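Structural overview for review
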Protein chains: 2
Amino acid sequence: MNQSFDIAVVGATGTVGEILVQILEERDFPVANLHLLASSESAGSSVPFRGKNVRVREVDEFDFSKAKLVFFAAGPAVTLSFAAKARAAGCSVIDLSGALPADQAPQIVPESNGHLLAGLAQPFQISSPSPSATALAVVLAPLRQLLDLQRVTVTACLAVSAQGREAVSELARQTTSLLNMHPLETRFFDRQMAFNLLAQVGKPDEQGHVPLEKRLVTELREVLGMPGLKVSVTCIQAPVFFGDSYSVSLQLAAPVDLQAVNAALEAGEGIEWVEADDYPTAVGDAVGQDVVYVGRVRHGVDDSSELNLWLASDNVRKGAALNAVQLAELLIKDPL
Amino acid sequence: MNQSFDIAVVGATGTVGEILVQILEERDFPVANLHLLASSESAGSSVPFRGKNVRVREVDEFDFSKAKLVFFAAGPAVTLSFAAKARAAGCSVIDLSGALPADQAPQIVPESNGHLLAGLAQPFQISSPSPSATALAVVLAPLRQLLDLQRVTVTACLAVSAQGREAVSELARQTTSLLNMHPLETRFFDRQMAFNLLAQVGKPDEQGHVPLEKRLVTELREVLGMPGLKVSVTCIQAPVFFGDSYSVSLQLAAPVDLQAVNAALEAGEGIEWVEADDYPTAVGDAVGQDVVYVGRVRHGVDDSSELNLWLASDNVRKGAALNAVQLAELLIKDPL
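No experiment lies behind these values; they were computed from the predicted model shown.

1. Here's the deal with the overall build of chain A
What chain A contains, in helices and strands, is nine helices and 13 strands. In summary, chain A has a C-alpha radius of gyration of 20 Å against a globular reference of 20 Å for 336 residues, a match within 12%. Reported as C-alpha extents along the three principal axes, the dimensions of chain A are approximately 60 × 55 × 40 Å. Scored against the burial criterion, the 336 residues of chain A give a buried share of 58%. Contacts spanning at least 24 positions in sequence make up 67% of the contacts within chain A whose residues lie at least 6 apart. Split by element, the accessible area of chain A, about 13,100 Å² in all, is 48% carbon and sulfur. In chain A, which carries 25 positive and 39 negative side-chain charges, the distance between the mean positions of the two groups comes to 6 Å.

2. Comments concerning the side chain of N323 of chain A
With respect to the element layout, N323 of chain A can be found in helix 9 (residues 317–331). Judged by relative accessible area, N323 of chain A falls into the buried class, the value being 0%.

3. So, the pattern of salt bridges
Pairing is possible between side chains that carry opposite charge, provided their charged atoms lie close to one another. Following the criterion strictly, the structure yields 36 salt bridges over all chains and no others. With its nearest N and O atoms 2.5 Å apart, the salt bridge here joins E219 of chain B to R215 of chain B. Placement of the pair is E219 of chain B and R215 of chain B together in helix 6 (residues 211–224), with a separation of four residues, close to one helical turn. On the basis of relative accessible area, E219 of chain B is assigned to the buried category, the value being 3%. Residue class for R215 of chain B comes out partly exposed when judged on its relative accessible area of 21%. The structure contains a network of salt bridges with shared partners spanning E26, R27, D290, R317 and E329 of chain A.

4. Things to note about unusual backbone geometry
In this structure, the amide linkage connecting Q122 of chain A to the following residue, P123 of chain A, adopts the cis form with an omega of -10°. The phi angle at D28 of chain B is positive, at roughly 55°, despite the residue not being glycine. For D28 of chain B, the position within the fold is in the loop between helix 1 (15–26) and strand 2 (31–38). Since its relative accessible area comes to 60%, D28 of chain B is described here as exposed. Although it is not a glycine, M181 of chain B adopts a positive phi angle of roughly 65°. For M181 of chain B, the position within the fold is in the loop between helix 5 (165–179) and helix 6.

5. Comments concerning the UniProt feature "domain: Semialdehyde dehydrogenase NAD-binding" (unreviewed entry) in chain A
If you check UniProt for "domain: Semialdehyde dehydrogenase NAD-binding" (unreviewed entry), the listed places come out as residues 6–120 of chain A in our numbering. Helix makes up 25% of residues 6–120 of chain A and strand 28%, whereas the separation of the span's terminal C-alpha atoms amounts to 21 Å.

6. Re the sheet that holds strand 10 (residues 244–252) of chain B
Residue and element names in this part refer to chain B. Pairing in this open sheet of six strands is mixed, and the strands run 9-8-10-13-12-11 from one edge to the other. Since the sheet does not close on itself, it has two edges, and those belong to strand 9 (230–237) and strand 11 (271–273), each with one partner. Shown here is a sheet whose adjacent strand axes are inclined to one another by a mean of 20°, direction ignored. Judged from the three bridges that link them, strand 11 and strand 12 (residues 292–300) form a sheet pairing that is parallel. Following the sheet pairing, I271 is matched in strand 12 by V292.

7. So, helix 6 (residues 211–224) of chain A
Residue and element names in this part refer to chain A. With 14 residues, helix 6 should reach 20 Å at 1.5 Å per residue; the first-to-last C-alpha distance of 20 Å fits that figure. Residues of helix 6 that are buried: E213, L216, V217, E219, L220, R221, V223 and L224. At the exit of helix 6 stands G225, carrying a positive phi of roughly 70°.

8. Notes on the relation of the copies chain A and chain B
Of the transformation superimposing chain A on chain B, the axial component is 0.0 Å and the angular component is 180°, with the fit at an RMSD of 0.0 Å. Such a combination of turn and shift is consistent with a two-fold rotation axis. Counting the interface residues of chain A, we find that 100% of their copies in chain B are interface residues as well, pointing to one common contact surface.

9. Looking at the sheet that holds strand 10 (residues 244–252) of chain A
Residues and elements named next belong to chain A. One open sheet holds the six strands; their spatial order is 9-8-10-13-12-11, and the pairing between them is mixed. If you trace the sheet from one side to the other, it starts and ends with strand 9 (230–237) and strand 11 (271–273), each paired once. Taking each pair of neighbouring strands and ignoring which way they run, the sheet shows an average axis angle of 20°. Pairing geometry for strand 8 (residues 149–158) and strand 9, over eight bridges, is parallel. Residue pairing across strands places R151 opposite K230, the latter belonging to strand 9. In the packing of helix 6 onto the sheet, the strands contacted are strand 8 and strand 9, and the crossing angle to strand 9 comes to about 140°. Across the sheet, helix 7 (residues 258–267) touches strand 11, strand 12 (292–300) and strand 13 (303–313), and the angle it forms with strand 12 is around 175°.

10. Considering a negative patch on the surface
Taken together, the side chains of E266, E272, E275 and D277 of chain A define an acidic patch exposed on the protein surface. Judged by its relative accessible area of 68%, D277 of chain A falls in the exposed class.

11. Examining the environment of Q326 of chain A
The residue Q326 of chain A is located in helix 9 in this model. On a C-alpha basis, the gap between Q326 of chain A and R27 of chain A in space is 9.5 Å, while along the polypeptide they are 299 residues apart.

12. With respect to the side chain of K318 of chain A
Residue and element names in this part refer to chain A. Its location among the elements puts K318 in helix 9. At 2.5 Å, the side chain of K318 forms a polar contact with the side chain of Q326. Excluding residues that lie within four positions of it along the chain, K318 makes contacts with E111, T134, V138, D290, V292, S313, N323 and Q326.

13. Focus on the nonpolar core
Counting residues in each nonpolar core, the largest one holds 42 residues, and the members touching the most others are L250, L265, L307 and L309 of chain A. The dominant element in this core, judged by the number of residues it contributes, is helix 4 (residues 131–140) of chain A, at seven residues. Once you skip the residues sitting within four places of it in the chain, L307 of chain A turns out to touch L143, L147, V248, S249, L250, L252, V256, L258, V261, V297 and R298 of chain A. Core analysis: the next-biggest nonpolar cluster, separate from the first, contains 41 residues, L140, L158, V201 and L216 of chain B among them.

14. Some details on the pairing of strand 12 of chain A
A regular strand places its side chains so that they alternate between the two faces of the sheet. Residues and elements named next belong to chain A. Counting buried positions along strand 12 gives nine out of nine residues, so the element sits mostly inside the fold. Bridge count for strand 12 against strand 13 is six bridges, and the pairing is antiparallel. Along strand 13, the bridge assignment pairs R298 with N308. Two successive antiparallel strands, strand 12 and strand 13, enclose a turn made up of two residues.

15. Topic: the packing of helix 1 (residues 15–26) of chain A against helix 9 of chain A
Residues and elements named next belong to chain A. At a minimum axis distance of 9 Å, the contact between helix 1 and helix 9 shows a crossing angle of 50°. Classified by the angle between their axes, helix 1 and helix 9 sit oblique to one another. Here helix 1 and helix 9 pass one another in a crossing that is right-handed. Between helix 1, through V16, I19, L20, Q22, I23, L24 and E26, and helix 9, the contact on the second element is made entirely by R317, A320, A321, L322, A324 and V325. Counted by class, the contact of helix 1 with helix 9 contains ten nonpolar, one polar and two charged residues.

Basis of the calculations
Residues numbered from 1 in each chain as written. Chains lettered and ligands numbered in written order. Predicted model: local features only at pLDDT ≥ 70, side-chain atom pairs only at ≥ 80, totals over all residues. Heavy atoms only, no water. Helix = DSSP H or I, 4+ residues; strand = E, 2+ residues; numbered from the N terminus. Rg over C-alpha atoms; globule rule 2.2 N^0.38 Å. Buried < 20%, exposed > 50% of the residue type's maximum accessible area, 1.4 Å probe, protein only. Contact = heavy atoms within 4.5 Å. Areas by Shrake-Rupley, 256 points an atom, 1.4 Å probe, with all protein chains shown as cover. Lys, Arg positive; Asp, Glu negative; His and termini not counted. Charge placed at Lys NZ, Arg CZ, Asp CG, Glu CD. Salt bridge = Lys/Arg side-chain N within 4 Å of Asp/Glu carboxyl O. UniProt positions renumbered as here; feature names shortened; annotations may be inferred. Pairing = 2+ DSSP bridges. Axes fitted to C-alpha atoms, helices over the stretch in contact; angles between N-to-C directions. Expected span 1.5 Å × (residues − 1). Least-squares fit on C-alpha atoms with pLDDT ≥ 70 in both. Patch = residues over 30% accessible without salt bridge, like charges linked within 9 Å, V, L, I, M, F, W, Y side chains within 5 Å. Polar contact = N/O pair within 3.5 Å; in protein donor to acceptor, adjacent residues only side chain to side chain. Core = buried A, V, L, I, M, F, W, Y, C linked by side-chain atoms within 4.5 Å. Parallel < 35°, antiparallel > 145°, perpendicular 65-115°, else oblique. Left-handed = near helix turned anticlockwise from the far one by under 90°. Nonpolar A, V, L, I, M, F, W, Y, C, P; charged D, E, K, R; others polar.

Have a look at this one:
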């Protein structure tokens, strides 16, 4: 693989974009020229890459014919504004925003449905799913053969970093303020986030579901290749800076052997299995790591057709930036 | 009701015991003499009641014939050591520790199965269930008629105060230390609790279940009077000082009408129903309150036989001390 590629990263100054650039360097991705792009407010700053500071430029002034592959790591509106332009210029696109329709940009997690890449036409257009769908798909993929899976019920306890840097500062500021007995003043969050859990992440529709929850249901079914899977989901906001945790309960059509489940998880790609006398946490284990941690593997209290799991995952790395780079690594096995 | 009663509180210096004494005063419970009891380490301190400081005495030196009703608000070992002695002396017993077998001390939540009190023999011996079973029972009780309930899946996000005062100080100390960039030193918890979620509360058995989880399954079935109900449960420790939150997913045998559910919850005893454009939180709503808050009432994303709820409850008040006092209020309607 001596070929190298001109790469563009849209949203290079965001939490995911910055880590994505870092991961391209860490994994020695064959980058020829790296074009870092952002909105006009963030353009002009610079991001380190291979010992140099790369200047961030305005995305709406970029000539996409200069890149072969573009990562969209900004919000859905940015993807919708520029992805078509990028493809028209011949670029392959990897979108992390969830903005593109499934029939135009399949959701792919290499450990679960990476084989789908082989059937796609160039220039490629693929989606890296939400952090929650990615983490769940990595862990459920090796169990699909073993379990007759009927329903996944998940409470996703999400870190504030998924909401960007303002949310991170707000949690720190609120916490400091409360510990110093100052009255609470809310800015980014609309109520106390420190030492509290918020039941809702985002704005609900008329049925009471927030976009993240609907996205998780759709993406998980697609990535697992199980369109009929029942998925019950609640996304909550935890007072955690980095790292998502998932309380997962699976219902199976028949009793399952725990030893076989543990063996499949231990052998699973992209998974760190934690044995029953310990358990992983977001902060203590998952943050900064490329794998999804899984522990507390157990039956129901008196139901062996129920399987319970606890997952911890770095929402910015495996949940987003790393999965996107892994997709790119698979794409460049064929010439772009 | 001009009669008043001699009351003893075992565990009077603990988080639950102290609030229990406060609630006896708040609700003007007809107390003649109040005997506050604790282990030898805590004896000698005093607890305020009706404008006086009541001295806490050693439980093992107490003559139980001086009381008509005893609250056991300490650990299971203390109940097991003294409950039989109290009953032998003619006392009615309300246990909050979960130590007594179900056939000797039924688990009762007034809003759900308070009618069972009428069938009990004197002196009474009853159990106030765990905070989690109590909160869930209060909210599910008015839905029993409406729903053909098959399964309850719950992730209980528990406050550190349930583990006592040391746990509360430890969360504050860890948080301060981390915000000041000091290295983390763990004492009460075995790992970082600040800005993190712990997947397990207590020591698991060989099947991986912790006592709290097993207790919740058993108690919820008993209190709802639904012995065949499937209950999937995960108890996690949240970095929250006071107030428990519950992510609850119900599976029903048939689609349910949300309006009817909302109406039943709004009318339910001991419940504060929060409408869909808002949601309750433990810290912002439940703490210090006598009701269990319920919000985010919604179907599954594409399944109207699924009902999702978010609960917030004061783990020390309605979850423990208040429920016990409410039981006592019902008991004294008949002479003790």
